[in-house]
Amino acid sequence: MLLRKALFALTLSTLALSACAPRAGHFSSAAPARPKPVWAFEASDVPLDEGYRFGRLANGMRFVIRQNATPKGTALVRMQVGAGSLDESDDERGFAHFVEHMAFNGSTNVPEGEMIKLLERDGLAFGADTNAMTNFERTLYMLDLPRNDPALLDTALMLMRETASELTITAGAVERERGVILSEMRDRNTYALRNYVDQSQFATPTARYVARLPIGTAETLKAATAESLRGFYAREYVPAQTIVLVVGDLDPAVVETAIRKRFENWRPAKADPQPSAGPVEPQLAGKADIYIDPALSERIVAARHGRWLDEPDSLAQRRENVLRQVGYAIVNRRLLRLTRQENAPFRAAGLGTNDVFKAGRTTSLAIDTVDGKWRRGLVTAAEEYRRALKFGFGKDEVTEQIAHIRTANLNAAASQDTRSNGQLLGAVLALIADDVVPDTPRRSLERLEAFIPQITPEAVLAAMKRELVPLDAPLLRFQGRASPAGGAQGLRQAWDQAMRTALAPPRSTSAATFAYTDFGPAGVVNANTAEPVLGIRTLRFANGVRLNLKRTDLEKERIWLQVSIDGGAFVATKANPLAARMANVLALGGLGKHSKDELDSLLAGRTATTSFGATDETFVEVASTTPRDLELQLQLLAAQVTDPGYRREGEVLFRQSINNMFASLRATPGAALAADSGAILSDNDPRFSLGTVEDWRALSFAKLKTDIADRLQHGAIEIGIVGDFDETTAIDTVARTFGALPPREPEFRPYSEQRSRPFTADRSARTLHHTGPKDQALITLTWPTRDGEDPLASLQLELLERVVQIELTDTLREKLGKAYSPGASSNASRTWRGYGTFALSASVDVAEVDATRSAIAETLAELRAAPASADLLLRARAPLLENFDNLLKSNAGWLAYVDRAQSEADRIERYAKAKQRLLSVTAEDLHRLAQQYLTVNGAVEVSVLPDGIDPPVPQATVSR
């Protein structure tokens, strides 16, 4: 299933997941006016994936179970309550989210503060494995179980049951959590959120969702009481609105018994229908909105609303939606092609139609432009929209999009038996939220193959027109840093101009033949051994290229690759600090014989991508492919190394992003810190400093070629391949590509003279400023530690990080309610000799800076005064141990050790002994580290305050 990109909606994490829920590319939702079955598949002719077990208790609660062993020995447990911010009255705004927070603050059988501790002892880290989210329509509680232990499953279901009906919601807990939620509200108040609010108010001014952001309002949150929250909880948390989901390596019969045991005695209660998110007004037209913020890049959106299309999931509807998908994809492919012109009219553009919940639908044309260039961008994109509706599509265009869809379905069908827990869970969540019946990928592929002959240009255009809302007298919205010339009238005049322009039919394009199939005589393998610990096969070709192979059955018909080339950020020097900055956009410049746009057409229907980036020590190409496309993928990667295009269009796209990046550098406390912290900690060493916008504007592909060409031509290469492949075929294919290249340097360079990284000796406190809201502040403390060459010392610091994280969360979030998400991090570098850092951060109200600083100091003093308790050490260590147990249950996990198995073989030994070493760490070891590193005067403190607000005591201000 392909989801169309929502162009008129901004996704905002748990604060507001989406104002316009993206509509499934193949499906729509059932109409609330019809009698709704218990499960959507009961009223659909789409066959159900038989692997799911569905059930309903006598009290009305539903459950879904799916046995699955990818990854082995793990499970996902979810509980979804059909209550979100739409269910709140005016004086309850924010209550659904508030109740979600209260789930972690005490229940009948779990005392306040014990739920997280209980899970940490069982190996679930707070945030990573234990979480929850609230949006407009529902609340979802999430536990990721690292083991398929029946006792752990019982604990998880017990906690879900406590959440469902047993929360105590005491006055004291409410008061403490209120501060956390207000902190979250403060942290979420970014320029992106404010832009979203204005956008929603303009587009759907009378809709209920506009006034129901899940975070709520300061007034209603401050007025919330234990009694009022319990009232919302009792009304909304009822069996009929609750679904428990368990997907993982567990016996479904055992899971069902456990669910029934925990939930059957939950008393039934009436479930009120959820209020509509609308209205969405189709008659709204001809208006304009201009929203200015210095941090916002320029964008224009033209949109019109239509009624919600009541299209229940069926085989016929899926065929209709495939046609629509092809149509929108062709229009967006044309718009993408325009961005790749040397004098491109816009940075990006897209056309789409999306549901606004089940209250309406919106067709939007969104155009991202360079500052001040909005008129040309708007006119060009609008003309392309008109051209599609007037002249339709070419056969070649339809064929290209069919190839993409067919390949996606082929790949899904091939890996059907190794779908991950997350994929299977996502399918059933789509059933619950959007009435999308989960079918098997193989059956979907069979139906697609039968339907492809009916996908004609005429059928595609007709289907798109049946859904698309014509952009007649559209709503026009402008966002950016400066008002458009002519204001709202200027926007309308530009649109009207585009509607009057005479149009020529679209020009047809023809795909070339892929030019990179011959790299010379196949290379010869002159070394072939097996690494003994993890069974990685290691080879070396006569030209010096290394190859590491690991066959797995974790994903059927899927292969992961990484090519590492000597160099990376080490090509940068103090005199040339930005040498590698453009490496990440090298692939946008295409290849010497093919532009990026030509490659997109050539690769349609193939699972192969161009890729290039830089790490501290290497340039890397990372890709995922299939056995049938392995050769093409390796040809592409080899071509990117031997003949990068350095084409102008890639450079143009890079330059277009620079102004936006620098314009938003001070827009939030976190952005301001990220911009300046490198310079502060390194005493302005240019290699670790951002530099100026002028420095970045001076970058070019010509300069990049000068800086990296030698490494691409001569640098040592090591290739890692993981997944479902034939080893002989893989070796032969590498021999014909990378193995056929001219001789490479035999070893990765040591770069001994470049591995020094300074840490400032100046421990004076620094102050930065941001341009965001006046109540936002950020406090950070960073200590120098050590490098990561000693594996035991690295693990000790990692465990100390977990201890400090738990203590900070307990103090700043749970006890004091001053910070939503305080953080701790240890970075013992293996790149920079003798260099490592330990950092703390807390985002707080500007009025709480001193109090927070004092609370952090007290927490650290306690850690220095005495060893951590046995329970604290258990809670910190257990999730780390589980992480090591599960690390090699995914191809991505394997690739982390296969990629450099020859040149960095010690990483494998470190992994093999990690658990043993971690178990050997004592509370006394951590106590010693805290005393050694987390000293009173050893940290560099950086405070980020709003513009115009000075620190409470005189401090040095870093120069910018």
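Reading guide: rules and limits
- Residues numbered from 1 in each chain as written.
- Predicted model: local features only at pLDDT ≥ 70, side-chain atom pairs only at ≥ 80, totals over all residues.
- Heavy atoms only, no water.
- Helix = DSSP H or I, 4+ residues; strand = E, 2+ residues; numbered from the N terminus.
- Rg over C-alpha atoms; globule rule 2.2 N^0.38 Å.
- Buried < 20%, exposed > 50% of the residue type's maximum accessible area, 1.4 Å probe, protein only.
- Polar contact = N/O pair within 3.5 Å; in protein donor to acceptor, adjacent residues only side chain to side chain.
- Contact = heavy atoms within 4.5 Å.
- Pairing = 2+ DSSP bridges.
- Axes fitted to C-alpha atoms, helices over the stretch in contact; angles between N-to-C directions.
- Salt bridge = Lys/Arg side-chain N within 4 Å of Asp/Glu carboxyl O.
- Parallel < 35°, antiparallel > 145°, perpendicular 65-115°, else oblique.
- Left-handed = near helix turned anticlockwise from the far one by under 90°.
- Nonpolar A, V, L, I, M, F, W, Y, C, P; charged D, E, K, R; others polar.
- Core = buried A, V, L, I, M, F, W, Y, C linked by side-chain atoms within 4.5 Å.
- Expected span 1.5 Å × (residues − 1).
- Phe/Tyr/Trp six-rings, centres within 6.5 Å; stacked < 30°, edge-to-face > 60°.
- Lys NZ or Arg CZ within 6 Å of the ring centre and 35° of its normal.
- pLDDT = per-residue confidence, 0-100.

K.L.:
How should the overall build of the protein chain be read in this particular structure?
P.N.:
On a plain count of helices and strands, the protein chain comes out with 28 helices and 24 strands. The C-alpha radius of gyration computed for the protein chain amounts to 29 Å, which stays within 12% of the reference 30 Å derived for 960 residues, consistent with globular compactness. For the protein chain, the spread of C-alpha atoms along the three principal axes comes to 80 × 75 × 60 Å. Scored against the burial criterion, the 960 residues of the protein chain give a buried share of 59%.

K.L.:
Help me understand the side chain of Arg-333 in this model?
P.N.:
Mapped onto the fold, Arg-333 is located in helix α9 (residues 315-339). Judged by its relative accessible area of 9%, Arg-333 falls in the buried class. Separated by 2.7 Å, the side chains of Arg-333 and Asp-597 make a polar contact. When sequence neighbours within four positions are dropped, the list of residues in contact with Arg-333 reads Arg-340, Glu-400, Gln-401, Asp-597, Asp-600 and Ser-601.

K.L.:
What am I meant to see in the environment of Thr-225 here?
P.N.:
Here Thr-225 is to be found in the loop between α6 (218-223) and α7 (226-236). Among the residues examined, Thr-225 registers a relative accessible area of 38% and is labelled partly exposed. Sequence-wise, Thr-225 and Ala-171 are 54 residues apart; in three dimensions their C-alpha atoms are separated by 6.9 Å.

K.L.:
Looking at this model, I keep getting lost on the pairing of strand β14 (residues 546-551). Mind explaining?
P.N.:
Residues in a regular strand project their side chains so that they alternate between the two faces of the sheet. Most of β14 is tucked away, with five of its six residues classed as buried. Across four bridges, strand β13 (residues 537-541) lies against β14 in antiparallel orientation. For Arg-540, the partnering residue across the bridge sits in β14 and is Arg-546. Between the end of β13 and the start of β14, which pair antiparallel, lie four residues, with Gly-544 showing a positive phi angle near 100°. The pairing of β14 with strand β18 (residues 717-723) spans six bridges and is classified as parallel.

K.L.:
Could you clarify how one ought to interpret the pairing of β18 in this entry?
P.N.:
For β18, the tally of buried residues reaches seven of seven residues, placing the bulk of the element in the interior. Here β18 shows a buried face lined by Ile-717, Ile-719, Ile-721 and Gly-723 and a second buried face lined by Glu-718, Gly-720 and Val-722. In this structure, strand β15 (residues 559-566) lies alongside β18, joined through seven bridges in antiparallel fashion. Within β18, the position partnered with Val-563 by the bridge is Ile-719.

K.L.:
I tried to follow the sheet that holds strand β4 (residues 130-134) on my own but got confused; where do I start?
P.N.:
Through backbone hydrogen bonds, the strands of a sheet pair up, either in parallel or in antiparallel fashion. Pairing in this open sheet of six strands is mixed, and the strands run β1-β2-β6-β3-β5-β4 from one edge to the other. At either end of the open sheet lies a strand with only one pairing partner, and these are β1 (52-56) and β4. Within the sheet, the average angular offset between the axes of one strand and its neighbour, ignoring direction, is 15°. Note that β4 and strand β5 (residues 139-145) share five bridges and pair antiparallel. Opposite Met-133, over in β5, you have Leu-140 as the bridge partner. Contacts from helix α8 (residues 252-263) reach β1, β2 (62-67), β3 (75-81) and β6 (242-248), with the element oriented near 155° to β2.

K.L.:
Just to check I follow, could you spell out the pattern of salt bridges for this structure?
P.N.:
Close approach of charged atoms lets side chains of opposite charge pair. The tally for this structure, following the rule as stated, stands at 79 salt bridges. Put simply, Arg-711 and Glu-745 hold a salt bridge, and the shortest N to O gap is 2.7 Å. A residue pair is termed long-range when its members are at least 10 positions apart, and Arg-711 in helix α21 (residues 701-714) and Glu-745 in the loop between α22 (727-736) and β19 (766-770) qualify at 34 residues. The exposure classification of Arg-711 matches that of Glu-745, with both residues buried.

K.L.:
How should I be thinking about the environment of Asp-787 in this particular structure?
P.N.:
Examined against the element boundaries, Asp-787 turns out to sit in the loop between β20 (776-784) and α23 (791-815). For Asp-787 and Ala-828, which are 41 residues apart along the polypeptide, the C-alpha to C-alpha distance reads 4.5 Å. In this view, Asp-787 contacts Ser-794, Ala-828, Ser-829, Trp-832, Arg-833, Gly-834, Tyr-835 and Gly-836; residues no more than four positions away in its chain are not counted.

K.L.:
Is there a simple way to think about the sheet that holds β15 in this case?
P.N.:
Reading across from one edge, β12-β13-β14-β18-β15-β17-β16 is the order of the seven strands in this open sheet, with mixed pairing throughout. Where the open sheet ends on each side, the last strands, each with one partner, are β12 (525-530) and β16 (613-614). Across eight bridges, β15 lies against strand β17 (residues 618-625) in antiparallel orientation. For Ile-559, the partnering residue across the bridge sits in β17 and is Thr-625.

K.L.:
Can you help me understand the packing of α23 against helix α24 (residues 849-865) in this one?
P.N.:
Each pair of packed helices gets described by two things: the angle between the helix axes and the distance between those axes. Relative orientation of the contacting elements α23 and α24 amounts to 135°, with a least axis distance of 10 Å. Here α24 runs oblique to α23, going by the angle between their axes. The two elements α23 and α24 cross, and the hand of that crossing is right-handed. Contacts between α23 and α24 pair Val-803, Val-804, Glu-807, Leu-808, Thr-811 and Leu-812 from the former with Thr-852, Ala-855, Ile-856, Thr-859 and Leu-863 from the latter. Residues of the contact of α23 with α24, tallied by class, amount to seven nonpolar, three polar and one charged.

K.L.:
I keep staring at the nonpolar core and nothing clicks. Help me out?
P.N.:
Side chains of nonpolar character tend, in soluble globular proteins, to be buried together. Ranked by size, the top nonpolar core spans 68 residues in total, and within it Val-77, Leu-145, Tyr-209, Val-244, Ile-259 and Phe-263 carry the most contacts. Considering every element that reaches this core, the biggest residue donor is helix α3 (residues 150-165), with eight residues.

K.L.:
Teacher, can you tell me more about α24 here?
P.N.:
Turn by turn, an α-helix covers 3.6 residues, leaving residues three or four places apart pointing in a common direction. Taking 1.5 Å as the rise per residue, α24 with 17 residues should run 24 Å; its terminal C-alpha atoms sit 24 Å apart, in good agreement. When we look at burial in α24, the residues that qualify are Val-849, Thr-852, Ala-855, Ile-856, Thr-859, Leu-860, Leu-863 and Arg-864. Residues of α24 that are buried make contact with β20, α23, β22 (836-845), α28 (923-933) and β23 (940-946).

K.L.:
Would you take a moment to explain the packing of aromatic side chains for this structure?
P.N.:
The geometry of an aromatic ring pair is captured by the separation of the ring centres together with the interplanar angle, meaning the angle of the planes. Taken as a whole and judged by the stated rule, the model has 22 aromatic pairs. Seen in terms of ring centroids, Trp-39 and Phe-41 are 6.3 Å apart; in terms of plane orientation they differ by 5°. Their pairing is stacked. There is no split in this pair, since Trp-39 and Phe-41 are both buried. Judged by centre distance (5.2 Å) and plane angle (90°), the rings of Phe-688 and Trp-832 are edge-to-face. Here Phe-688, found in the loop between α19 (669-681) and α20 (693-697), pairs with Trp-832, found in the loop between β21 (823-828) and β22; they are 144 residues apart in sequence, far enough to count as distant. Aromatic ring contacts, followed pair by pair, group Trp-39, Phe-41, Tyr-52 and Phe-54 into a single cluster. Above the face of the Trp-39 ring, Arg-62 is positioned so that its terminal group lies 4.5 Å from the ring centre. Sitting over the face of the ring of Phe-688, Arg-757 holds its NZ or CZ atom 4.0 Å from the ring centroid.

K.L.:
Which parts of the structure should I look at to understand the side chain of Thr-130?
P.N.:
If you trace the backbone, Thr-130 turns up in strand β4. Thr-130 sits in the buried class, given a relative accessible area of 2%. Setting aside residues up to four positions removed in sequence, Thr-130 forms contacts with Phe-104, Ile-116, Leu-119, Leu-124, Ala-125, Met-142 and Leu-143.

K.L.:
How do you make sense of unusual backbone geometry when you look at a structure like this?
P.N.:
Trans peptide bonds make up the majority, and among non-glycine residues the majority have a negative phi. Cis geometry is found at the peptide bond from Thr-70 to Pro-71, where omega equals 0°. By the element assignment, Pro-71 lies in the loop between β2 and β3. Geometrically, the link from Gly-278 to Pro-279 is a cis peptide bond, its omega value of 10° lying close to zero. A positive phi angle, close to 55°, is found at Asp-683, a residue other than glycine. Considering the arrangement of structural elements, one finds Asp-683 in the loop between α19 and α20.

K.L.:
Help me out: how do you make sense of the confidence of the model for the protein chain in this one?
P.N.:
Reading predicted coordinates in detail is not appropriate for stretches of low pLDDT. Taken residue by residue, the protein chain gives an average pLDDT of 93. The fraction at 70 or more is 96%. A low-confidence stretch, residues 1-32 (pLDDT under 50), is modelled with 123 contacts involving residues beyond four sequence positions or located in other chains. Segment residues 954-960 is flagged for pLDDT under 50; beyond a separation of four residues in sequence, or across chains, it makes 16 contacts in the model.

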